[in-house]
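What follows is each chain in one-letter form.
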Amino acid sequence: SATYADVEETFAQTRLTRAAQAGEISGYDGGFVNYLHLGIRLDERDFEPNPKTGYLAEYNLSVSGKFLGSQYNFVRQTMSARGYYTFWDRLTVAGRLALTYSSGDAPFFEMGKMSFMRGDVASMGGIRTGRGYLESRFLARGHTLAQIDVRYFIGDFVILGQRFGFQPFAFFDAGNLYDSFGDIFTEPRFGEYHPSYGGGLVIPWNLTTILHYFVGFSPEGMSLSIGFEHAF
């Protein structure tokens, strides 16, 4: 309980406060996280903003330590591969596989992230992964992710000198969580993967600016996103 302006209030414990008091998580009191990000990738996509063919493979290493001014010492590794193939010059099938694992003293708010060349994203949930769940809905040291998009390009239209494309799409995402890196391979628990699905519309504006509108569904509810770029 606590007193504010002569009013006494009582706060119930949450799962977060119980886990912090039991020493099960790190980072309850916050703190600075600075890290060095190193990565390598092989990019064979035909057009990065809206690819129709090709593939992209990445390995990213994020190192956090006190020598960088961080309050936490941990290492996060993310491996991913995505591919694109187009049928009849209009129907594009895109897929991505990824896994990430954080070792060391990683605070809980860093355990729900994957690191890519273009920045960190939530491992499961939000507008890039697990589209249908709340962002960072799941937290663990290890995450796996599988995604597939089916995108159909209808055509381009010029309005007031601006070129707009229309590309409806459907998607399916699934992922799982692991406490041990080895469990990802020895005990994958495929029956416990968390699925989400949905669809929407992508509008390429003057080819390179990608606008998206989609609705995602999961066993826990629904999400709506209006933003930029494909999920992958």
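Look a little higher up for the structure.
The sections below set out a description of the structure shown in this document. All residue numbers here refer to positions counted from 1 along the written sequence of the relevant chain. Local features in a predicted model are, by the rule used here, given only for residues with pLDDT of at least 70; side-chain atom pairs are given and counted only at 80 or more, and totals for whole chains, interfaces and linings are based on all residues. The side-chain values count all of the structure's non-hydrogen atoms but skip hydrogen atoms and water molecules.

1. Some points on the overall build of the chain
Phase 1 of the analysis: A count of helices and strands for the chain gives two helices and 14 strands.
Phase 2 of the analysis: Structurally, the chain occupies a C-alpha span of about 65 × 45 × 40 Å along its principal axes.
Phase 3 of the analysis: In this analysis, two residues are considered to be in contact whenever any of their non-hydrogen atoms come within 4.5 Å of each other. For the chain, the proportion of contacts with a sequence separation of at least 24, taken over those separated by at least 6, is 57%.
Phase 4 of the analysis: Here the accessible surface of atoms and residues is derived via Shrake-Rupley with a 1.4 Å probe, and residues count as covered only by protein chains that are part of the display. Approximately 12,800 Å² of the chain is accessible, and the part contributed by carbon and sulfur atoms is 59%.
Phase 5 of the analysis: Only four residue types enter the tally: Lys and Arg on the positive side, Asp and Glu on the negative side; His and the chain ends are excluded. Positions of charges follow a simple convention, taking NZ of Lys, CZ of Arg, CG of Asp or CD of Glu. Charge centroids of the chain, computed over 19 positive and 24 negative side chains, lie 6 Å from each other. Secondary structure elements follow DSSP: runs of H or I no shorter than four residues count as helices, runs of E no shorter than two count as strands, and numbering proceeds from the N terminus.

2. What to know about the packing of aromatic side chains
Phase 1 of the analysis: Think of it this way: a Phe, Tyr or Trp ring, Trp meaning its six-membered ring, pairs with another when their centres are within 6.5 Å, and the plane angle makes it stacked under 30 degrees, edge-to-face over 60, tilted otherwise. One pass over the structure, following the stated rule, counts 14 aromatic pairs.
Phase 2 of the analysis: Members of the aromatic cluster, connected to one another through ring pairs, are Y72, F108 and F109.
Phase 3 of the analysis: The lysine or arginine in question, R82, covers the ring of F116, its NZ or CZ lying 5.9 Å from the ring centre.
Phase 4 of the analysis: The residue whose ring lies beneath R131 is F171, and the NZ or CZ to ring-centre distance is 4.1 Å. Note on geometry: a ring has a charge over it if NZ (lysine) or CZ (arginine) is within 6 Å of the ring centre and within 35 degrees of the ring normal.

3. Some words on the environment of D105
Phase 1 of the analysis: Here D105 lies in the loop between β6 (91-104) and β7 (113-116).
Phase 2 of the analysis: A sequence separation of 20 residues divides D105 from G125, and the C-alpha atoms of the two residues are 23 Å apart.
Phase 3 of the analysis: Among all residues touching D105, those that are not within four sequence positions of it are S26, Y72, N73 and F74.
Phase 4 of the analysis: Any pair of N or O atoms that falls within 3.5 Å is considered a polar contact. Within protein, one atom must be able to donate a hydrogen and the other to accept it, and sequence-neighbouring residues count only if both atoms are side-chain atoms. A polar side-chain atom of D105 sits 3.0 Å from a polar atom in the side chain of S26.

4. Re the side chain of R151
Phase 1 of the analysis: Examined against the element boundaries, R151 turns out to sit in strand β9 (residues 142-152).
Phase 2 of the analysis: A relative accessible area of 1% places R151 in the buried class.
Phase 3 of the analysis: A distance of 3.1 Å separates the side chain of R151 from the side chain of D149, its partner in a polar contact.
Phase 4 of the analysis: The contact partners of R151, leaving out residues within four places of it in the chain, are P51, Y84, R90, L91, T92, A94, Q167, P168, F169, H230 and F232. The rule is simple: take the accessible area with a 1.4 Å probe, protein chains only, and divide by the maximum for that residue type; under 20% is buried, over 50% is exposed, in between is partly exposed.

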